[in-house]
Amino acid sequence: MRGVLGVLTALAFAIPLRANQPQVSLKDVMRRVGAYVDSYGDRASIVVSTERYGQHSTSSSNALRTLTLVSDFALVYADAIHGWLGFRDVIEVDGRGIADREDRLARVLMGSEGRFDEARRLSDESARFNLGNIQRNFNVPTTGLFFFASENLDRFKFAARRVADDGTWEISFRETSKPTLIRTPDGEPVTTTGTIWVRPEEGVVLRTILEVEVLMRRLNPPQHGRGRIEVRYRLVDSVGMWLPVSMDETFQATRKDSWDKETGHADYSDYRTFQTKVRIK
């Protein structure tokens, strides 16, 4: 944590939480966010929701295409990264059931793949129905949240932008460490920037915007791409947690005279609990 404390000290101006309450620094708030995210997976791993996810794709060579997915969305712990991943288990595609769902889910959750990176396996499984030519496997709602586990905080530079009337902090971030958390299929770094909205008293994250910019120089001609994922959270009383309520994404890529654009919107509902936790070994 030494590196991040040096960064945050330079930015650690104090802002009052409420009238007649003591001031708090940006460093304090981000420590609380880290603690909140560290404990989030242990609680959310017993929760699953229904995801209804519409995607739209267009390009310089194709007309608009659409896709509607209905999935179970849950969290699983991946030993390879010592952390939590959001997992999309697709049930229906454009109203048609997925024939291999039961066998596929068993293979993903219990299969032994030797040295295969189970984190990558889970991410690819969640993304296998993505529409369009822009390859991406991090378009699940909790990606931007789990970036801020306490062990990752020193990867980012943070700046407090403003405090809303309700006391919520708006905090920008920029990844400064390599290798980056997101990389191209060839292993090239993809630096992330964005914004989080936080309740400073507890470190609760209410909203995240994750932005990426990709330049794939190894392609001839090279490809330049940009992506943005925004997720909003709400308090689910039946579970007692702040959980995703919506996700909006936009990805664009250009390569010489051609271009691709993918957009999507997902809603999350019907939160319910498992009896046991799921762990990928």
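For the structure itself, consult the block above.
Predicted, not measured: the structure shown is a model, and the values here were computed from it.

Basis of the calculations
Residues numbered from 1 in each chain as written. Predicted model: local features only at pLDDT ≥ 70, side-chain atom pairs only at ≥ 80, totals over all residues. Heavy atoms only, no water. Helix = DSSP H or I, 4+ residues; strand = E, 2+ residues; numbered from the N terminus. Contact = heavy atoms within 4.5 Å. Pairing = 2+ DSSP bridges. Buried < 20%, exposed > 50% of the residue type's maximum accessible area, 1.4 Å probe, protein only. Phe/Tyr/Trp six-rings, centres within 6.5 Å; stacked < 30°, edge-to-face > 60°.

1. Thoughts on the side chain of E170
Here comes step 1: Position of E170 among the secondary structure elements: in strand β8 (residues 169-175).
Here comes step 2: E170 has contacts with A159, A160, R161, R162, T195, I196 and W197, leaving out every residue within four places of it along the chain.

2. Some thoughts on the pairing of strand β14 (residues 241-255)
Here comes step 1: Examined bridge by bridge, strand β13 (residues 223-236) and β14 share 13 bridges and lie antiparallel to one another. Bridge pairing in β14 places V236 opposite M241.
Here comes step 2: In sequence, β13 turns back onto β14 through a hairpin of four residues, with G240 there showing a positive phi of about 75°.
Here comes step 3: Note: β14 against strand β15 (residues 258-273), 10 bridges, orientation antiparallel. Looking at β15, one finds that D248 is bridged to H265.
Here comes step 4: Here β14 folds back onto β15 in antiparallel fashion, the turn holding two residues, of which K256 has a positive phi close to 55°.

3. Digging into the environment of V24
Here comes step 1: With respect to the secondary-structure elements, V24 resides in strand β2 (residues 23-25).
Here comes step 2: Look at V24 and you get buried, because its relative accessible area is 2%.
Here comes step 3: Spatially, the C-alpha atoms of V24 and E201 are 8.9 Å apart, while their sequence positions differ by 177 residues.

4. Considering unusual backbone geometry
Here comes step 1: A cis amide bond, omega 0°, links K178 with the succeeding residue P179.
Here comes step 2: Its location among the elements puts P179 in the loop between β8 and β9 (182-183).
Here comes step 3: Despite not being glycine, K256 has its phi angle at roughly 55°, a positive value.
Here comes step 4: Secondary-structure assignment places K256 in the loop between β14 and β15.

5. A few points about the side chain of T208
Here comes step 1: Its location among the elements puts T208 in strand β12 (residues 204-216).
Here comes step 2: Setting aside anything within four residues of it in sequence, one finds T208 in contact with G144, L145, T195, I196, W197, I229, E230, V231 and Y233.

6. Some thoughts on the packing of aromatic side chains
The description of two aromatic rings rests on the distance between their centres and on the angle between their planes.
Here comes step 1: Evaluation of the coordinates by the stated rule reveals 10 aromatic pairs.
Here comes step 2: A centroid spacing of 6.0 Å and a plane angle of 35° characterise the contact between F147 and F156, whose relative ring orientation is tilted.
Here comes step 3: Under the relative-accessibility criterion, F147 is labelled buried at 7%.
Here comes step 4: An angle of 55° between the planes, with centres 5.9 Å apart, marks the rings of F148 and F158 as tilted. With F148 in the loop between α5 (143-146) and β7 (156-163) and F158 in strand β7, this residue pair connects regions lying 10 residues apart in the sequence.
Here comes step 5: Looking at F158, the relative accessible area reads 1%, which means it is buried.

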